[in-house]
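Architecture and fold: a report
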Amino acid sequence: MATSYVWNSFNRFSNLKKNIIKCQPILWNHILQRHISYGGRLQGDTVRIGCASGFWGDTMTSTPQLLHKGKIDYLVLDYLSEITMSLLAAMKRKDNAAGYTPDFVQTVISPHIKIIQKKGVKVIANAGGVNPTACALALKAICEQANVHLNIAVVSGDDLMDQAADLLNSGVTEMYSGITMPKTVTSINAYFGAGPIARALDLGADIVVTGRCVDSALVLGPLLHKFKWSFDDFERFSQASLAGHLIECGAQVTGGIFTDWHTVPDWSNIGFPIVECAADGSFVVTKPPGTGGLVSKGTVSEQLLYEIGDPACYELPDVNADFSQVTLEEVKGVQDAVFVTGAKGMPPSSKYKVSATYADGYRLTAVCFVRGPRSKLKAIRTAEEIIKRCRTIFTSLGLADFTKVNIEAIGSENNYGPLSALPQGTRECALWLAVHHQDQKALNIMAREIAPAGTGMAPGLTAIVGGRPKVSPVLKLFSFLHDKDTFKIDISMNGEHLETYTPAKTVSQSNKCSRPAQLIASISNACKGSHSYRLEDLAYTRSGDKGNNCNIGVVARHPAYLPYLKAALTEQSLAQYFSHLMEDTDWAKKVTRYDCPGIHALNFVLHNSLGGGGIASLRSDPQGKAYGQMLLDFQLHNMPSLEDLRT
């Protein structure tokens, strides 16, 4: 019906239609696609939101692609992580006019400011970091230089550094480890929600700059502004937050780091994500026409589980979201379009999550190439001898020992531990030697003791990557909860304070999340067989970090595979598989498994598995990005053939 209606409408302008089809077939298909609303799945007015940045340092090709090809109403950019916040705080300590992400000003707004104004695209970014006011001033200068007027709004109040002394005295404790707040805190920022962003747009903002806010709020904010949802409309809030969660990492949902990477075309021109959202909260994930990458159930499923814990209880400032029953549908006849629905919502907490960073000594990392027979043994012995020599020097100077040492022979499957298929290593590898010490002087000494290994230790050391390694401070994460009522959230426009925003009051549930009971997989003998498969044959995987924890999402390639995945991938089997990377000795504390039946998936959280995580970790994979890939070799036995299962 919808398709027929659109064609009849356009036939009134048949000559125009023919010219568009002849000259710009991609544009015509895009116009038609929007008018038929993906087969009628999206009803009424819709909003198109494109995300051009998943982190500070993302490609500069994304913004022009979305502006010129995406037909977007809003452009959002996510820059912040815990690591980024600590770096920006260090920048501000050196220069009071710094502390925001300069890329936003220099590569997003400055080159494209006139097309942003011409198309009327609203821009929302958490580029303000720890200094959103300075970011707004830099944007104002760009506007004046280009003779363009845009209303620039700032959302502030997330920074609690001026309350550090009070927080220390209050005895606040870390929400995961229970330790008290250290005195060496360098940044303290709360995760704000979408309300202030929506209000800034209500007040006429063309660009909204925030400090720390939850990533999904960048998308929920404009939808709340557009559709005027009630703050207790938790179903729509959950759907919109899911839309934000899916696109906030940029190209990760459009084929980037996809398990089946070999099926994803044209990485150099990968399309950045767009969500087209309707007033009922349903939405379609897509990308600009004519770009590389891939949007499919597989790519969207992987991203849905990225960096979350329990899919049935994803705690956000605006809603406690339940993604466990979400369903995905590839829209027939429309390339790179996945329809998403089914998220549920519950009232959020009365507290904001706050992330602080604190200084904890210094680190040094040296990477050296080693070649020749028994390269793994040479690399490890070289590192051990360097450490031994440095300890001798430290003792003679009255310096303490290293706090922590990490040695890896990269290229020898070092991170696979006992699972390595190359126990003897290869004929070349890279030595990764990372250490932690409380005294910078000690690591400056060690930095000078790396190069002598090239003439006084093993043969085959060819180079030190980057020359003499540099000492850098270690910043660790300290997270806690703080009452929303204690925050003063200010909205300014063009340098003038407009109002103080008061978050909506919602009644928090005592039992924050209610999870439906999940059936334990039980496979009868009649359903077993003689086949063995690698996990990659049966599932997609995606892994990411939250502090010192790593999550691995496992998505069945076919619903019939899920019972076998559940039977084989238990908390104990995962703990055993990754035991060499975990710090806990108590098996019960190592791994937690969650069900996500809507997308036929499992989500695993590996506790204390990243060596401290982020900047604090001395490992070559401090954020667990490769853990999902490592799991692809997990063996499942006694299965029927996949053909039999699918039929």
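Provided above is the structure to which this section pertains.
Below is a short write-up of the structure. (Residues numbered from 1 in each chain as written. Predicted model: local features only at pLDDT ≥ 70, side-chain atom pairs only at ≥ 80, totals over all residues. Heavy atoms only, no water.)

In terms of regular secondary structure, the protein chain is built from 21 helices and 26 strands. The globule rule puts the C-alpha radius of gyration for 647 residues at 26 Å, and the 26 Å found for the protein chain is close to it. Projecting the C-alpha coordinates of the protein chain onto the three principal axes gives extents of approximately 85 × 70 × 55 Å. By the burial criterion, 54% of the 647 residues in the protein chain qualify as buried. Just so you have it, the protein chain exposes about 28,100 Å², and 52% of that area is on carbon and sulfur atoms. Of note, the protein chain has its 62 positive side-chain charges centred 5 Å away from the centre of its 59 negative side-chain charges. (Helix = DSSP H or I, 4+ residues; strand = E, 2+ residues; numbered from the N terminus. Rg over C-alpha atoms; globule rule 2.2 N^0.38 Å. Buried < 20%, exposed > 50% of the residue type's maximum accessible area, 1.4 Å probe, protein only. Areas by Shrake-Rupley, 256 points an atom, 1.4 Å probe, with all protein chains shown as cover. Lys, Arg positive; Asp, Glu negative; His and termini not counted. Charge placed at Lys NZ, Arg CZ, Asp CG, Glu CD.)

Let's shift gears to helix 11 (residues 217-227). For an α-helix, the turn length of 3.6 residues means that residues three or four places apart are oriented alike. In terms of residue burial, helix 11 counts as a mostly covered element, since 10 of its 11 residues are buried. If you check which residues of helix 11 are buried, you get A217, L218, V219, L220, G221, P222, L223, L224, H225 and F227. Check the buried side of helix 11 and you find it contacts strand 1 (46-53), strand 2 (74-77), strand 3 (122-125), helix 10 (195-202), helix 12 (234-247) and strand 7 (274-278). Count one or two residues on from helix 11 and you reach K228, which has phi positive near 55 degrees. (Contact = heavy atoms within 4.5 Å.)

Extensive coverage of strand 1 is indicated by the burial of eight of its eight residues. Pairing of strand 1 with strand 7, which is carried by five bridges, proceeds in the antiparallel orientation. Bridge pairing in strand 7 places R48 opposite E276. With four bridges connecting them, strand 1 and strand 2 associate as parallel partners. Counted as the bridge partner of S53 is L77 from strand 2. (Pairing = 2+ DSSP bridges.)

All right, on to the packing of helix 5 (residues 62-69) against helix 7 (residues 102-119) then. Direction vectors running N to C along helix 5 and helix 7 enclose 10 degrees, while the axes themselves pass 10 Å from each other. One element, helix 5, and the other, helix 7, form an angle in the roughly parallel class. On the side of helix 5, the interface is formed by T63, P64, L67 and H68, while helix 7 contributes V108, H112, I115, I116 and K119. A per-class count over the contact of helix 5 with helix 7 returns five nonpolar, three polar and one charged. (Axes fitted to C-alpha atoms, helices over the stretch in contact; angles between N-to-C directions. Parallel < 35°, antiparallel > 145°, perpendicular 65-115°, else oblique. Nonpolar A, V, L, I, M, F, W, Y, C, P; charged D, E, K, R; others polar.)

Our focus in this paragraph is empty space enclosed by the protein. By the definition in use, this model includes two cavities of 30 Å³ or more. There is about 140 Å³ of room inside the largest cavity. What lines the largest cavity is a set of 15 residues, and nearest its centre among them are P317, D318, K484, P503 and A504. When grouped by side-chain class, the residues that make up the lining of the largest cavity number 10 nonpolar, three polar and two charged. (1 Å grid on protein atoms, 1.4 Å probe; cavity = no way out; pocket = protein on both sides within 12 Å on 5 of 7 lines; lining within 4 Å. Points joined across faces, edges and corners; volume = space filled by probe spheres on them.)

Now for helix 14 (residues 375-397). With 23 residues, helix 14 should cover 33 Å at 1.5 Å per step; its first-to-last C-alpha distance of 33 Å lies within 8% of that length. S375, K376, K378, A379, T382, A383, I386, I387, C390 and F394 are the residues of helix 14 that are buried. Taken together, the buried residues of helix 14 touch strand 14 (351-371), strand 15 (404-410), strand 16 (428-437), helix 15 (440-448), helix 16 (453-456) and strand 17 (461-464). Two residues or fewer past helix 14, G398 is found with a positive phi of approximately 75 degrees. (Expected span 1.5 Å × (residues − 1).)

This brings us to the side chain of T210. Here T210 shows up in strand 6 (residues 207-210). Classification of T210 by relative accessible area gives buried; the value is 2%. For T210, the residues in contact, after removing those within four places along its chain, are A125, N126, A127, G128, G129, P132, V155 and I197.

So, about the sheet that holds strand 24 (residues 591-596). Sheet strands line up and pair through hydrogen bonds in the backbone, either parallel or antiparallel. The sheet built from four strands is open, its strands ordered 22-23-25-24 with antiparallel pairing. The open sheet has two edge strands with one neighbour each: strand 22 (539-546) and strand 24. Strand after strand, the sheet turns through a mean of 20 degrees between neighbouring axes, direction not considered. In this sheet, strand 25 (residues 601-606) lies alongside strand 23 (residues 549-556) in antiparallel orientation, the contact comprising six bridges. Counterpart to N551 in the pairing with strand 25 is V605.

Spatial ordering of the open sheet is given by 9-10-13, a layout of three strands whose pairing is antiparallel. The open sheet is flanked by strand 9 (314-315) and strand 13 (344-346), the only strands paired with a single partner. Relative to strand 13, strand 10 (residues 320-322) is paired through three bridges, and the arrangement is antiparallel. Paired with N320 across the two strands is M346, which belongs to strand 13. Running over the sheet, helix 12 touches strand 9, strand 10 and strand 13 and is turned about 115 degrees from strand 13.

The subject of this paragraph is the packing of helix 7 against helix 8 (residues 132-146). The interhelical angle for the contact between helix 7 and helix 8, taken along N-to-C directions, is 30 degrees, at an axis separation of 10 Å. Taken as axis vectors, helix 7 and helix 8 run roughly parallel relative to one another. For the pair helix 7 and helix 8, the crossing hand works out as right-handed. Taking contact as the criterion, the partners of F104, V105, I109, S110, I113 and K114 in helix 7 are, on helix 8, C135, A138, L139, I142, C143 and A146. In terms of residue class, the contact of helix 7 with helix 8 is built from 10 nonpolar, one polar and one charged. (Left-handed = near helix turned anticlockwise from the far one by under 90°.)

Another point: the state of the cysteines. Enumeration over the complete set of coordinates arrives at zero disulfides. C135 takes part in no disulfide bond, and the closest cysteine sulfur, belonging to C143, lies 11 Å away. Relative accessible area serves as the criterion here: at 0%, C135 is assigned to the buried category. (Disulfide = S-S within 2.5 Å.)

A few words now on the pattern of salt bridges. For the structure shown, the criterion picks out 24 salt bridges. Put simply, K476 and D360 hold a salt bridge, and the shortest N to O gap is 2.8 Å. Of the two residues, K476 sits in strand 18 (residues 471-483) while D360 sits in strand 14, which places them 116 residues apart along the sequence. Residue K476 is classed as partly exposed on the basis of its relative accessible area of 28%. Notably, a salt bridge pairs R389 with E449, separated by 3.7 Å at the nearest N-O pair. Pair noted here: R389 is in helix 14 and E449 is in the loop between helix 15 and helix 16, with a separation of 60 residues, a long-range link. Given a relative accessible area of 35%, R389 falls into the partly exposed group. The class of E449 is buried, set by a relative accessible area of 18%. Taken together, the shared-partner salt bridges in this structure form one network comprising E307, D545 and K625. (Salt bridge = Lys/Arg side-chain N within 4 Å of Asp/Glu carboxyl O.)

With that settled, consider the packing of aromatic side chains. The full count for this structure, using the stated rule, is 15 aromatic pairs. Measuring from centroid to centroid gives 5.5 Å for F578 and Y627, while their planes differ by 10 degrees, and the two rings are stacked. Of this pair, F578 sits in the loop between helix 19 (571-577) and strand 24 while Y627 sits in helix 20 (residues 627-631), placing them 49 residues apart in sequence. Just as F578 is buried, Y627 falls in that class too. An aromatic cluster is present here, built from F227, W229, F231 and F237 joined pairwise through their rings. (Phe/Tyr/Trp six-rings, centres within 6.5 Å; stacked < 30°, edge-to-face > 60°.)

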